[in-house]
Amino acid sequence: MSSRERSVTLIACHECDLLHRKVALSPGAVARCGRCGCTLYRHHPERTDHYLALVVGALIVLVIANVFPIITLELQGYRHGSTLIGAVRALFAAEMDVVAMLVLLTAIVFPLAELLLLLVVLLALQTGRAGPDQHRWLRWLQRIRPWVMMDVFLMAVLVALSKLAHTASVIPGVSLWAFAVLAFLMAAVAAIDIRHLWDQLPPLHTRRPA
Amino acid sequence: MSRVAHRRGLMACHACGQVCRMAGGHQPCRCPRCHAAMHWRKADSLNRTWALLIAAYILYIPANLLPVMETRSLFGVQEDTIMSGIVYLWLSGSMGLALVVFVASIMVPLLKLLVMTLLAASVRLRPLWRPRQRTRLYRIVEFVGRWSMLDIFVVALLAALVQIKSFASIMPGPGAAAFGSVVVLTMLAAMSFDPRLIWDPITDMIEDEDDDD
């Protein structure tokens, strides 16, 4: 690598491999690849504390959403409500293990894991104690991110509500509102650019690059 | 000088995006910044994509033919496939929702299968054909793929809620497992496909011409 290449941050488009020099963007700006048109990176306000607040807020709402029943069904004096975990349990009880695992992972485990991993990395960055572990957490974070499906789940709750509304009286629970809020918070969390967090971590210089 | 990373012997880390120099002969190495294993292209991209796609095609048949939901009530047992569930929503007046479920459960999985097949086939068969449009197709597939999980969540919620003993109960049917697997397999297929394979032949063509001049 020539010295000129080393002095600027080079990025290669992840969709077509074209090299670009990373430049500072003005607020709201987006850098796109000149060849295939994909989004390379966005303007990112460097506010770790903002992200921390967002992640902690989302964690609190996530707990509320999972503790209370989402919908309660009332039919001729019979009442039955279910939490998300209750739904997973019902699936396991019906011996639909594949479906149960899918719901458990995409609607509970992965959203929770995304928030916890971000919390750990952001706390480390905030307190200036970022070490080699953070690299591993970020790699895991990147793996699970496509499988976090809070927005899809919220839509499913709405579909289920309208299917039931014809046959019984349905009472939306606290959790329903919590999920609605959570879907938006998780969308904001998903917008946190992991590459931007990588840039703030100290490099692991145990071995020279080949 | 080439503006394409691999032409300059550079590659980007899949995890953190760090650009660094390739080891000779595309040998395995690790990212100097984050220690993730580096590949100049996603490993075995086309083979994996094809394998996952074929598995998804096979499961697509039971996913649509077998019932995803069984409703037991005083009036007997009613079995719903994905399509009949949509028809029910439409007839009961929720046309907007019927449309959403139709798009998420019928159109998206089918389009995903077809588009991924087109992309994987075009890398070999029509390597120079409309790269920008093909890349955009890939981006769309990656973005909308997760929405097919909608029906799985709906069935899960209904099965948990409607458990009124001896009066009515809803159970997930065998189609639900097949359908869920199709969603996961197509997502994995999209993830293992490397869009840079679309651009490599174009880079080669343009730059080999330049070299000849």
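Residues numbered from 1 in each chain as written. Chains lettered and ligands numbered in written order. Predicted model: local features only at pLDDT ≥ 70, side-chain atom pairs only at ≥ 80, totals over all residues. Heavy atoms only, no water.

Draft legend 1. Focus on the overall build of chain B. Counting its regular elements, chain B contains seven helices and eight strands. For the C-alpha atoms alone, the extent of chain B along its principal axes is close to 80 × 35 × 25 Å. Buried residues in chain B amount to 53% of all 213 residues. Counting only contacts in chain B whose residues sit at least 6 apart along the sequence, the fraction spanning at least 24 positions is 66%. Summed over all atoms, the accessible surface of chain B reaches about 9800 Å², with 65% contributed by carbon and sulfur. Measuring between centres, the 21 positive side-chain charges of chain B sit 7 Å from its 16 negative side-chain charges. (Helix = DSSP H or I, 4+ residues; strand = E, 2+ residues; numbered from the N terminus. Buried < 20%, exposed > 50% of the residue type's maximum accessible area, 1.4 Å probe, protein only. Contact = heavy atoms within 4.5 Å. Areas by Shrake-Rupley, 256 points an atom, 1.4 Å probe, with all protein chains shown as cover. Lys, Arg positive; Asp, Glu negative; His and termini not counted. Charge placed at Lys NZ, Arg CZ, Asp CG, Glu CD.)

Draft legend 2. Looking closely at the sheet that holds strand S6 (residues 76-80) of chain B. Residues and elements named next belong to chain B. On the basis of which strands lie adjacent, the open sheet formed by four strands has the order S6-S5-S8-S7 and antiparallel pairing. Here the strands that pair on one side only, and so sit at the sheet edges, are S6 and strand S7 (163-164). In terms of strand pairing, strand S5 (residues 69-73) meets strand S8 (residues 168-172) through five bridges, oriented antiparallel. Note that in S8 the partner of Thr71 across the bridge is Ile170. Sitting on the sheet, helix H5 (residues 150-161) is in contact with S5, S7 and S8, with an inclination near 145 degrees to S8. (Pairing = 2+ DSSP bridges. Axes fitted to C-alpha atoms, helices over the stretch in contact; angles between N-to-C directions.)

Draft legend 3. Just the interface of chain A and chain B, in detail. Contacts between the two partners involve 68 residues from chain A, matched on the other side by 67 residues from chain B. Taken together, both faces of the contact between chain A and chain B bury some 6300 Å²; the carbon and sulfur share is 68%. Remark: the boundary between chain A and chain B carries three salt bridges. Applying the counting criterion to the chain A and chain B interface returns eleven residue pairs in polar contact (both at pLDDT 80 or more). (Buried area = accessible area lost by both parts, 1.4 Å probe. Salt bridge = Lys/Arg side-chain N within 4 Å of Asp/Glu carboxyl O. Polar contact = N/O pair within 3.5 Å; in protein donor to acceptor, adjacent residues only side chain to side chain.)

Draft legend 4. Focus on the packing of aromatic side chains. All names here are of chain A. One pass over the full model with this rule turns up four aromatic pairs over all chains. Seen in terms of ring centroids, Trp137 and Trp140 are 5.2 Å apart; in terms of plane orientation they differ by 70 degrees. Their pairing is edge-to-face. Pair noted here: Trp137 and Trp140 are both in helix H5 (residues 132-144), with a separation of three residues, about one helical turn. For Trp140, a relative accessible area of 46% corresponds to the partly exposed category. (Phe/Tyr/Trp six-rings, centres within 6.5 Å; stacked < 30°, edge-to-face > 60°.)

Draft legend 5. Structural view of the pairing of strand S4 (residues 39-42) of chain A. Both strand S3 (residues 30-32) of chain A and S4 of chain A contribute to a ladder of three bridges, which runs antiparallel. Note that in S4 of chain A the partner of Arg32 of chain A across the bridge is Thr39 of chain A.

Draft legend 6. Quick peek at helix H7 (residues 174-190) of chain A. All names here are of chain A. Taking 1.5 Å per residue as the helical rise, H7 with its 17 residues ought to reach 24 Å, and the 24 Å between its terminal C-alpha atoms agrees with that figure. Within H7 the residues assigned to the buried category are Ser175, Leu176, Ala178, Phe179, Leu182, Ala183, Met186 and Val189. The buried side chains of H7 occupy one side of the element, clustering within an arc of 150 degrees when seen end-on. The outward face of H7, more than 90 degrees from its buried face, is lined by the exposed residues Trp177 and Phe184. Elements that come into contact with the buried residues of H7 comprise helix H2 (48-67), helix H3 (84-93), helix H4 (97-127), helix H6 (150-164) and strand S7 (169-172). (Expected span 1.5 Å × (residues − 1). Arc of directions from axis to C-beta.)

Draft legend 7. Just the sheet that holds strand S6 (residues 78-82) of chain A, in detail. Residues and elements named next belong to chain A. Ordered in space as S6-S5-S7, the three strands form an open sheet in which the pairing is antiparallel. Two strands lie at the open edges of the sheet, namely S6 and S7, each paired on one side alone. The average angle at which neighbouring strand axes cross in this sheet is 20 degrees, direction not considered. As paired strands, strand S5 (residues 71-75) and S6 are joined by five bridges and run antiparallel to one another. Residue pairing across strands places Leu75 opposite Tyr78, the latter belonging to S6.

Draft legend 8. Quick look at a nonpolar patch on the surface. A cluster of nonpolar side chains, contributed by Val56, Ile60, Val63, Ile64, Val67, Phe68 and Val174 of chain A, occupies part of the molecular surface with about 580 Å² of accessible area. Considering the arrangement of structural elements, one finds Val56 of chain A in helix H2. (Patch = residues over 30% accessible without salt bridge, like charges linked within 9 Å, V, L, I, M, F, W, Y side chains within 5 Å.)

Draft legend 9. Structural detail: the state of the cysteines. All names here are of chain B. For the structure on display, the rule yields zero disulfides over all chains. Among the cysteines around Cys20, which has no disulfide bond, Cys31 carries the closest sulfur, lying 5.6 Å off. Exposure remark for Cys20: the relative accessible area of 5% places this residue in the buried category. (Disulfide = S-S within 2.5 Å.)

Draft legend 10. Just the pattern of salt bridges, in detail. Following the criterion strictly, the structure yields ten salt bridges over all chains and no others. The shortest N-O distance in the salt bridge between Arg72 of chain B and Glu70 of chain B comes to 3.3 Å. Connected through salt bridges with shared partners, the residues Asp17 of chain A together with Arg41 and Asp200 of chain B form a single ionic network.

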